[in-house]
Amino acid sequence: MTASVVRALVDAARDAAHRPPVMHACPACGRDEAVLADRADGVVVRHGDAVAKAHAPGTDPEGHRVRVAVAGHPALAGILLAPLPLRASDTHGRPVTAWPYGAPVDPADPDAAPWEEAAALLARLHRVETAALPGPLPPMRGPAKAAAAMARMQAAAAGHPAAGTVRRAWARLPAWARDEAPAPYRSTLCHGDLHLGQLVRHPAPGGAWLLIDVDDLGLGNPAWDLARPAAWYAAGLLAPQAWQRFLGAYTAAHGPAVPATGDPWPRLDVPARALTVQTAALALAKSAAEQRDPDDVEQIMIDSCARIATLPPELECDPSS
């Protein structure tokens, strides 16, 4: 990240914080500024009650435009955080957006994690009628993120002793889950990268939880949005009670990704395996870059890949069946 990108984002956040129709006092002007995220796929800067994000280099401009427009559409009110008006739409060739600042999930208080709220928001997202939304809606980018994680592992840790295990687990996934073929179920609006870091409490009265980050939003298999907690549960990282709270809230809200009754795993299995492999690949890439061994949690996901690698290859199937 360059200082010039941060400076441009500070200016954008100030613009959003003070621009009508969201004009309000900012007593910390010039002081309440912080870099909230600094990654290859996005840089986020806060100023007062607004944040500005520089999206990843190479972001598809048309897909990005549609995703941001969907976030601001009335059909998504109360589900997705809506963007703020912004004069400048890019900096240094990267798209820029602005959003209200919302309080994130507290990682130090796992017992207070809003699993039910996250599940209910997903169910509402998955039930949105897409015909009235801005378009054309792009594909959900979950499989593309998994493929990008594998490429990152190959670049940073191809020779790691565990990399072969992760590659073998990857090879057991169907082509659509590796982003090598169209997904067989593509009619549902999906978030594409659901985890607890993608929820914030809106600063408006009531403080409702909302989903954020539309970079991977699009049409796809809604089971992908349940796949990360499913993978954590399968690996033993998410307590059964928390998983049941999440799954129960999703089905109670009539989410279409899994059947209302019966075994959810025929639909969840492939996406959960894909998220396990993605997480393990990123763990190897990060630990190699930091010149350290994988930590305990990372090793659990790598060990899960070892189990996946012994299973028969997954056949193409309709995840809606």
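Structural notes, computed from the coordinates. On a predicted model such as this, the values are computed, not experimentally measured, just so you know.

With respect to the element layout, R168 can be found in helix α5 (residues 163–171). The spacing of R168 and L311 is 143 residues in sequence and 9.9 Å in space, taken between C-alpha atoms.

What follows deals with the packing of helix α6 (residues 227–235) against helix α7 (residues 240–252). Following both chains from N to C, one finds α6 and α7 inclined at 155 degrees, their axes separated by 10 Å at the closest point. Overall, the two elements α6 and α7 adopt an arrangement that is roughly antiparallel. In the packing of α6 onto α7, the handedness of the crossing is left-handed. Of α7, the residues touching α6 (which contributes P229, A230 and Y233) are P240, W243 and F246. Of the residues belonging to the contact of α6 with α7, the class tally is six nonpolar, no polar and no charged.

One pass over the full model with this rule turns up twelve salt bridges. A salt bridge links R228 to D193, with the nearest nitrogen and oxygen atoms 3.3 Å apart. Taken together, the residues R228 in helix α6 and D193 in the loop between β7 (188–190) and β8 (199–201) connect sequence positions 35 residues apart. The same class applies to R228 as to D193, namely buried. The structure contains a network of salt bridges with shared partners spanning R141, K145, D193, D216 and R228.

Taken together, the three strands give an open sheet; going across it, the order is β6-β8-β9, and neighbouring strands pair in antiparallel fashion. Each having just a single partner strand, β6 (103–104) and β9 (209–211) make up the two edges of the open sheet. Here β8 runs beside β9; their pairing, made up of three bridges, is antiparallel. From the neighbouring strand, V200 faces β9, where its bridge partner is L210. Sheet contacts for helix α3 (residues 115–126): β8 and β9; angle to β9, the most-contacted strand, approximately 50 degrees.

Conventions adopted
- Residues numbered from 1 in each chain as written.
- Predicted model: local features only at pLDDT ≥ 70, side-chain atom pairs only at ≥ 80, totals over all residues.
- Heavy atoms only, no water.
- Helix = DSSP H or I, 4+ residues; strand = E, 2+ residues; numbered from the N terminus.
- Axes fitted to C-alpha atoms, helices over the stretch in contact; angles between N-to-C directions.
- Parallel < 35°, antiparallel > 145°, perpendicular 65-115°, else oblique.
- Left-handed = near helix turned anticlockwise from the far one by under 90°.
- Contact = heavy atoms within 4.5 Å.
- Nonpolar A, V, L, I, M, F, W, Y, C, P; charged D, E, K, R; others polar.
- Salt bridge = Lys/Arg side-chain N within 4 Å of Asp/Glu carboxyl O.
- Buried < 20%, exposed > 50% of the residue type's maximum accessible area, 1.4 Å probe, protein only.
- Pairing = 2+ DSSP bridges.

Geometric descriptors of this kind do not, in isolation, establish any biological role.
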